[in-house]
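The lines below spell out each chain.
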Amino acid sequence: MATEGSHHSGVAERGLDRVWIVLLVVAAVLPLVIGQAHRELLPPDDLREAEVAREMWLAGDYVVPHLAGLPFVEKPPAFQAVVAAAYAALGHPSTEAARAVSAAFALATLLAVFLLGRLAIGLDGAALAVALLALSARFCRTAHVVQLDNGLTAAIAFALLFAWKGLAAEEPEAKRRAFAACGLALGLSFLFKGFVGPALFGAGLVTYLAIERRFAELRLALRPLPIAGFLAPVLLWLVPFVMRASPAVLHAFFIDNHLGRAVSGFASNVRPPYYYALDLWLAFAPTCLLLPFAALDFVRARAAREPAAASAFFLAFGIGPLLLLSLPKAKDSHYALPAFPALALFAADWSARVLRAGGARARAWGAAASGVGALAAVGAVVATLELGAPSLRGVAAGAALGGCGIVALRALQRADARRGFVAGAALFALAWTLWFTGPIAAFEVSRRSVRGMFAAALAAAGERTVLLYRPDDGTRGGASFWRNRTAEEVPDPALLIQRLSRDRGAVALIRREKTAEAIPRPLVEAAAELGMTPVVEASFPGAGDHELVLVTVRSGAERAEQRPGAPAELGVRLQPVGGEPAPSLAP
């Protein structure tokens, strides 16, 4: 009878474990997909990547990406190619398709983390890692941005999975197959962000081999099959790119956008070497709170000569890339995203061991998770009610908060650490869900939206050719994607004036600060040399300190305040993109 009771107890416990894992995964996945469908494109990343993909789909050129009609080779085109393929599958460009690609890459990252966690730290650890990664600030927010770092992070996460398999395998043939798959994933990472992907992985690998003193593994990792796995996707794009691109484009890709960003920052954010050491506490919140405890436990285990292979692997692939990223002058928060899967697994490894051990430490951990989740959810609910009128959404959010709070309190009463952690994850999922929907999302989008400004300017431009002068990426994307027609960038002032003078069916679109001079001085000087006069046809203020102006030219000293017939064209509707309603200025 005792044996039978033990058997039933074991089955019940396994059943509870499965429910716990499913609840964690659902809480992790929900915030990544919620709010994607109706979120408009925002500058600069959304508009840039969506428009590069649109021009790629339209031209059928998947080798040399273009933006505003000019080669755009900051990075290889894998991410935009996937978005373009989504457009092709739908038959038209679509905001929803572009956002779906980002969300799909984020979910692929979670899949790789789950598979690696199951192999290295068990199913419960895998579920914890998925939740800790998905609910972290930078990962969750980037999943809602049309940004190639989502694809890069997924490729690096799968490279970690196959690297672990290769290092854990005992048979040489199994090692070679795993390392070949790792090489293939690294080749794909190159296609997303150039040499950055393999370099970040290499930094983690060198750190791990140094910690574990396993440099002999390189003999099998650098065999022909793994090298071929890496080179296959790289050469598939690089060879036709080198054959087709001009010397100037090749220089821009290899020198300006790789060496230039590392040495001088180029056109990127220049920040101090300690930037990531500070940014990590915000970007990786709330999971960052666990890292010191996991690190102390790792140091203790190493000092006691206890087995800690998984912790060493995850720590190395988290710290190594961050150290490498700290060397170049160009730094940004999302650059560190590929290190987050390893850091989430590192924190999950420690957390899983704490929860399995039970006791006071596990109860404290469960209570802390519930408390931090409750603070996040309460803040999101209050912000929702403050920014919007009372609604069914607010009532539902309050009810969900109350339900999760009851579960958390009961978990504390029963000293059930696992249920407390699930309640905390559910509360965080509620907070992120409110962030990406309803009044909070509307407020965030309204602060950054440029669509109304572009709708007015492009409607006034009508069917004329739109030329861009020294635009930023948001202007390049906004002037083309929402019109479903490429706005041409003309960087040379004299050439732009010549285009406007020869083609009176063209107009220049310029984004400027409201306090700046009416027309950029280089255009005024270039027009004077050609005996022309540039004229501001109309201006369209935005929500911030920028506005759009339409500029045409007149011969001699003639200054027409606006071209004939312009008022009648103010009601022209933009050509809709992807079935979206086109903004109009028509009454």
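A. Region of the structure containing the overall build of the protein chain. Check the secondary structure of the protein chain and you find 23 helices and seven strands. By the burial criterion, 53% of the 587 residues in the protein chain qualify as buried. Relative to all contacts within the protein chain whose residues are 6 or more apart in sequence, the contacts with residues 24 or more apart total 74%. For the protein chain, the exposed area adds up to about 25,300 Å²; of that, 65% sits on carbon and sulfur atoms.

B. Helix α16 (residues 359-387), seen in detail. Between the first and last C-alpha of α16 there are 42 Å, a value that for 29 residues agrees with the 42 Å anticipated at 1.5 Å per step. For α16, the complete set of buried residues consists of A362, W365, G366, A369, S370, G373, A377, A380, V381 and T384.

C. Representation of the sheet that holds strand β4 (residues 488-489) within the structure. With respect to topology, five strands assemble into an open sheet ordered β4-β3-β5-β7-β6, the strand pairing being mixed. Edge strands, defined here as strands with exactly one partner in the open sheet, are β4 and β6 (532-541). Pairing of strand β3 (residues 465-468) with strand β5 (residues 506-513) involves four bridges; the strand directions are parallel. Residue L467 lies in a different strand from β5, and its bridge partner there is A508. Lying over the sheet, helix α20 (residues 451-461) contacts β3, β5, β6 and β7 (546-555), oriented at roughly 20 degrees with respect to β7. Helix α21 (residues 473-481) rests against β3, β4 and β5 of the sheet, and its axis sits at about 175 degrees to β3.

D. Local environment of the pattern of salt bridges. Considering all chains together, one arrives at 27 salt bridges under this definition. Here E489 ties to R476 by a salt bridge, and the two come within 2.8 Å at their closest N and O atoms. Separated by 13 residues along the polypeptide, E489 in strand β4 and R476 in helix α21 bring together distant segments of the chain. Just as E489 is buried, R476 falls in that class too. Look at the salt bridges and you will find they share partners, linking D45, R48, E49, D473, R476 and E489 into a network.

E. Examining the environment of V553 more closely. Considering the arrangement of structural elements, one finds V553 in strand β7. A relative accessible area of 2% means that V553 is categorised as buried. Considered as a pair, V553 and V507 are 46 residues apart in the sequence and their alpha carbons are 8.7 Å apart. Sequence-distant contacts of V553, that is, excluding residues within four places in its chain, are made with I497, L500, S501, R504, M532, T533 and P534.

F. Structural context of the packing of helix α6 (residues 149-168) against helix α7 (residues 172-193). Interaxial distance between α6 and α7 falls to 8 Å at its minimum, and their mutual angle equals 165 degrees. Accordingly, the angle class assigned to the pair α6 and α7 is roughly antiparallel. When the axes of α6 and α7 are compared, the crossing they make is left-handed. Residue-level contacts link D149, G151, L152, A155, I156, F158, A159, F162, A163, K165, G166 and L167 of α6 to K175, A178, F179, A181, C182, A185, L186, L188, S189, F192 and K193 of α7. Looking at the contact of α6 with α7 residue by residue, the classes come out as 16 nonpolar, three polar and four charged.

The rules behind each value
- Residues numbered from 1 in each chain as written.
- Predicted model: local features only at pLDDT ≥ 70, side-chain atom pairs only at ≥ 80, totals over all residues.
- Heavy atoms only, no water.
- Helix = DSSP H or I, 4+ residues; strand = E, 2+ residues; numbered from the N terminus.
- Buried < 20%, exposed > 50% of the residue type's maximum accessible area, 1.4 Å probe, protein only.
- Contact = heavy atoms within 4.5 Å.
- Areas by Shrake-Rupley, 256 points an atom, 1.4 Å probe, with all protein chains shown as cover.
- Expected span 1.5 Å × (residues − 1).
- Pairing = 2+ DSSP bridges.
- Axes fitted to C-alpha atoms, helices over the stretch in contact; angles between N-to-C directions.
- Salt bridge = Lys/Arg side-chain N within 4 Å of Asp/Glu carboxyl O.
- Parallel < 35°, antiparallel > 145°, perpendicular 65-115°, else oblique.
- Left-handed = near helix turned anticlockwise from the far one by under 90°.
- Nonpolar A, V, L, I, M, F, W, Y, C, P; charged D, E, K, R; others polar.

The values are spatial; any link to function lies outside them.
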